[in-house]
Amino acid sequence: MSHERFYSRVNGPTLHRVNAVRWLDEVAPRHLAGGGDPRHVTEQLLASGWSNHSVPGYPHVLLESADRRLHLTLEPEEDEFMSSWRVHPAQDRYAWSAQFGIHTPVEMIAGFTDALHSTGPRPEETELWRLAASRGWTMQLAGRQRAALSPDKTASLSRESSLAENPISRWSVQVSVPLGERRQRWIWNASIDEAAPPAALTGFIDALTDPAPLLRSEGQTPQHTFGFLDSRRSPITPEQHRLQHLRRLEAAQRTGTGTPAPPPPGPARHKRHR
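What counts as what
- Residues numbered from 1 in each chain as written.
- Predicted model: local features only at pLDDT ≥ 70, side-chain atom pairs only at ≥ 80, totals over all residues.
- Heavy atoms only, no water.
- Helix = DSSP H or I, 4+ residues; strand = E, 2+ residues; numbered from the N terminus.
- Buried < 20%, exposed > 50% of the residue type's maximum accessible area, 1.4 Å probe, protein only.
- Contact = heavy atoms within 4.5 Å.
- Areas by Shrake-Rupley, 256 points an atom, 1.4 Å probe, with all protein chains shown as cover.
- Pairing = 2+ DSSP bridges.
- Salt bridge = Lys/Arg side-chain N within 4 Å of Asp/Glu carboxyl O.
- Phe/Tyr/Trp six-rings, centres within 6.5 Å; stacked < 30°, edge-to-face > 60°.
- Axes fitted to C-alpha atoms, helices over the stretch in contact; angles between N-to-C directions.
- Parallel < 35°, antiparallel > 145°, perpendicular 65-115°, else oblique.
- Nonpolar A, V, L, I, M, F, W, Y, C, P; charged D, E, K, R; others polar.

Student: What should I look at first to understand the overall build of the protein chain in this one?
Tutor: Secondary structure assignment for the protein chain yields five helices and 13 strands. Taking all 274 residues of the protein chain together, 42% fall into the buried category. Counting contacts in the protein chain only where the partners sit at least 6 residues apart, residues at least 24 apart contribute 57% of the total. Accessible area of the protein chain: about 16,100 Å², with a carbon and sulfur share of 52%.

Student: How do you make sense of the pairing of strand β11 (residues 183-193) when you look at a structure like this?
Tutor: Where a strand is regular, its side chains alternate between the two sheet faces. When strand β6 (residues 98-100) meets β11, the two strands line up antiparallel, connected through three bridges. The partner of A98 across the bridge, within β11, is I192. Across ten bridges, the pairing between strand β10 (residues 169-180) and β11 is antiparallel. Bridging from a neighbouring strand, P178 pairs with Q184 of β11. If you look at the hairpin formed by β10 and β11, you'll find two residues sitting between the two strands, and E181 has a positive phi there, around 55 degrees.

Student: Please explain unusual backbone geometry as it appears in this structure.
Tutor: Excluding glycine, most residues fall at negative phi; most peptide bonds, likewise, are trans. P29 follows A28 through a cis peptide bond whose omega is -5 degrees. As for its placement among the helices and strands, P29 is situated in the loop between β1 (25-28) and α1 (39-47). Positive phi, close to 65 degrees, is recorded for K153, a residue that is not glycine. Inspection of the secondary structure puts K153 in the loop between β8 (145-149) and β9 (155-161). We classify K153 as exposed; its relative accessible area is 61%.

Student: Please explain the side chain of S158 as it appears in this structure.
Tutor: Relative to the elements of secondary structure, S158 occurs in strand β9. Overall, S158 belongs to the buried group, its relative accessible area being 11%. In this view, S158 contacts W129, R146, A147, R170, W171 and S172; residues no more than four positions away in its chain are not counted.

Student: Quick question: what am I supposed to make of the pattern of salt bridges here?
Tutor: For side chains of opposite charge, pairing can occur when their charged atoms come near one another. Using the criterion set out here, one finds twelve salt bridges in the structure. Between D25 and R233 there is a salt bridge; the shortest N-O distance is 3.6 Å. Residue D25 is located in strand β1, and its partner R233 is located in strand β13 (residues 230-233); the two are separated by 208 residues in the primary sequence. For D25, a relative accessible area of 19% corresponds to the buried category. Taken together, the shared-partner salt bridges connect E125, R159 and E194 into one network.

Student: Just checking my understanding: could you explain the packing of aromatic side chains for this structure?
Tutor: Counted by the stated rule, this structure contains five aromatic pairs. An angle of 45 degrees between the planes, with centres 5.5 Å apart, marks the rings of F100 and F204 as tilted. One end of the pair, F100, is in strand β6; the other, F204, is in helix α4 (residues 198-209), with 104 residues separating them in the sequence. Owing to a relative accessible area of 3%, F204 belongs among the buried residues under this scheme. Joined through ring pairs, the aromatic side chains of W96, F100, F112 and F204 make up one cluster.

Student: What should I look at first to understand the packing of α1 against helix α2 (residues 106-113) in this one?
Tutor: For any two helices packed against each other, one specifies the crossing angle of their axes together with the interaxial distance. At a minimum axis separation of 8 Å, α1 and α2 run at an interaxial angle of 30 degrees. The pairing of α1 with α2 is recorded here as roughly parallel in orientation. Contacts between α1 and α2 pair H40, V41 and L45 from the former with V106, E107, I109, A110 and T113 from the latter. Of the residues that constitute the contact of α1 with α2, the class distribution is five nonpolar, two polar and one charged.

Function-wise, these values are silent; they only describe arrangement.
Below you can see the structure in the form of structure tokens.
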């Protein structure tokens, strides 16, 4: 199926062809850069062995890890308070979840998803706060709650605990810009349960607090962030950006988990159907 003759964002600089994109901008702060191209996340997972279960004709993406233990769902929600990206265990989605709004930069979501299968000890909470503080985020205390505020004061990272009988701790991010008269316009929210894979949580916080700008083409930054962004023309061309993406996919293919694991055997004389 050919898409090149369509006027569509699918023909942007990230994947197949450069099309009409003439240049890229370096945008900071990165948490206001806009969502970007979702293929930065989804194609890396597919190259790593994840399988695609999306329904043709419906605007969503459904991916399953090669070992069938994890699910990723992308169902775009324009409401800033709703989650468009969701990652959770396939068999028990209540065990833990990671959720991201539609304007969450894909580079931050990739910081989480790229490390889902990485192993390592769970970092101490103080290590994550120290990482944010080392990059200019200001620590704030409110009773037992702790948070970190971005240098431009438009993003807040916090660790929260529910008041349920079995409390659940989660890390959350809220990004907003001031409208005046003590009002705020929300841009995006994200939450990651503390029970999520520790390397993935660390990868997200690392990508969130990284002071480096992100690359965006015209029309990729939210209108709401106009006046709060530092944007300058990047020396990286759209074609170079595309090649960087393809090299990232090649690396994922080399280190990926390969062919999906076969399903467990069913009862004798019966075939299993998905």
